[in-house]
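An overview of the molecular structure
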Amino acid sequence: MRWWDIDAVLGLERDLFPEDAWSRGMFWSELAHARGPEANRRYVVAEAGSRIVGYAGLVATGEQADVQTIAVSRDLWGTGLGGRLLAELLRAAGAFECAEVMLECRVDNVRAQKLYERFGFEPIGFRRGYYQPGNVDAVVMRLTAPENSVQGTEING
């Protein structure tokens, strides 16, 4: 993901996460930490032709990485794109030499939870009222040894 992708990403963000969408400034801030020798973030987009149809981001701190966001255009749900984006983030976690990857997922987002479980994430707790302003709880999930979860997967175009 680059700065010129932010407008298209914001369109998807607002469609998919209307109550708790990230702002333009949040994406700018994340991308500012994704380049250079001190980079500790990896953000990617998926494109279909000239249209951005998905994006994902991860931050690494020490031996732990956190999935910040994964989103796929509604018309491509069930196509495997979310899995390809997650695989790319897990490869990045390996490159950052992270021993584990954490994430929060809305308790009502069963589709995403199943995706994470397929990659080996396990639920370890809850964060009450994590998603605001809707006051929706989050399930906290953890994956150890992320490099073992992506062997044989590729992200293309």
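Higher on the page you've got the structure.
Since this is a predicted model, take the numbers as computed values, not measurements.

Digging into the pairing of strand β6 (residues 136-144)
Inspection of the sheet shows strand β4 (residues 100-106) paired to β6 by 7 bridges, in the antiparallel sense. When the sheet's bridge partners are listed, R106 is paired in β6 with A138. Two elements, strand β5 (residues 122-131) and β6, share 6 bridges in a ladder whose sense is antiparallel. The partner of G125 across the bridge, within β6, is V140.

Description of the packing of aromatic side chains
Per the counting criterion, the structure on display carries 6 aromatic pairs. On the numbers, 5.4 Å between centres and 80 degrees between planes, the contact of W3 with W4 is edge-to-face. Through a chain of ring-to-ring contacts, three or more aromatic side chains come together here, namely W3, W4 and W28. Stacked on the ring of Y131, the Lys or Arg R106 has its end atom at 5.7 Å from the ring centre.

Some thoughts on the packing of helix α1 (residues 6-16) against helix α2 (residues 24-32)
Taken N-terminus to C-terminus, the directions of α1 and α2 make an angle of 125 degrees; their axes are 10 Å apart at the nearest point. Taken as axis vectors, α1 and α2 run oblique relative to one another. For the element pair α1 and α2, the recorded crossing hand is right-handed. The segment α1 lies against α2, with I6, D7, V9, L10 and E13 engaging R24, F27, W28 and L31. Classifying every residue of the contact of α1 with α2 by side-chain character gives 6 nonpolar, no polar and 3 charged.

Notes on the pattern of salt bridges
Working definition: two side chains of opposite charge can pair if their charged atoms are close together. One pass over the structure, following the stated rule, counts 10 salt bridges. R51 is the partner of D75 in a salt bridge, and the nearest nitrogen-oxygen pair spans 2.9 Å. You can see D75 sitting in the loop between β3 (64-72) and α3 (81-95) and its partner R51 sitting in strand β2 (residues 51-61), a full 24 residues away along the chain. For R51, a relative accessible area of 38% translates into the label partly exposed. Between R106 and D108 there is a salt bridge; the shortest N-O distance is 3.0 Å.

Things to note about unusual backbone geometry
In this model, Q132 is joined to P133 through a cis peptide bond whose omega is 10 degrees. Structurally, P133 is set in the loop between β5 and β6. If you check the backbone angles, E97 has positive phi at about 60 degrees while not being a glycine. One non-glycine residue with positive phi stands out, namely N135, at about 55 degrees. Structurally, N135 can be placed in the loop between β5 and β6.

Parameters and conventions
- Residues numbered from 1 in each chain as written.
- Predicted model: local features only at pLDDT ≥ 70, side-chain atom pairs only at ≥ 80, totals over all residues.
- Heavy atoms only, no water.
- Pairing = 2+ DSSP bridges.
- Helix = DSSP H or I, 4+ residues; strand = E, 2+ residues; numbered from the N terminus.
- Phe/Tyr/Trp six-rings, centres within 6.5 Å; stacked < 30°, edge-to-face > 60°.
- Lys NZ or Arg CZ within 6 Å of the ring centre and 35° of its normal.
- Axes fitted to C-alpha atoms, helices over the stretch in contact; angles between N-to-C directions.
- Parallel < 35°, antiparallel > 145°, perpendicular 65-115°, else oblique.
- Left-handed = near helix turned anticlockwise from the far one by under 90°.
- Contact = heavy atoms within 4.5 Å.
- Nonpolar A, V, L, I, M, F, W, Y, C, P; charged D, E, K, R; others polar.
- Salt bridge = Lys/Arg side-chain N within 4 Å of Asp/Glu carboxyl O.
- Buried < 20%, exposed > 50% of the residue type's maximum accessible area, 1.4 Å probe, protein only.

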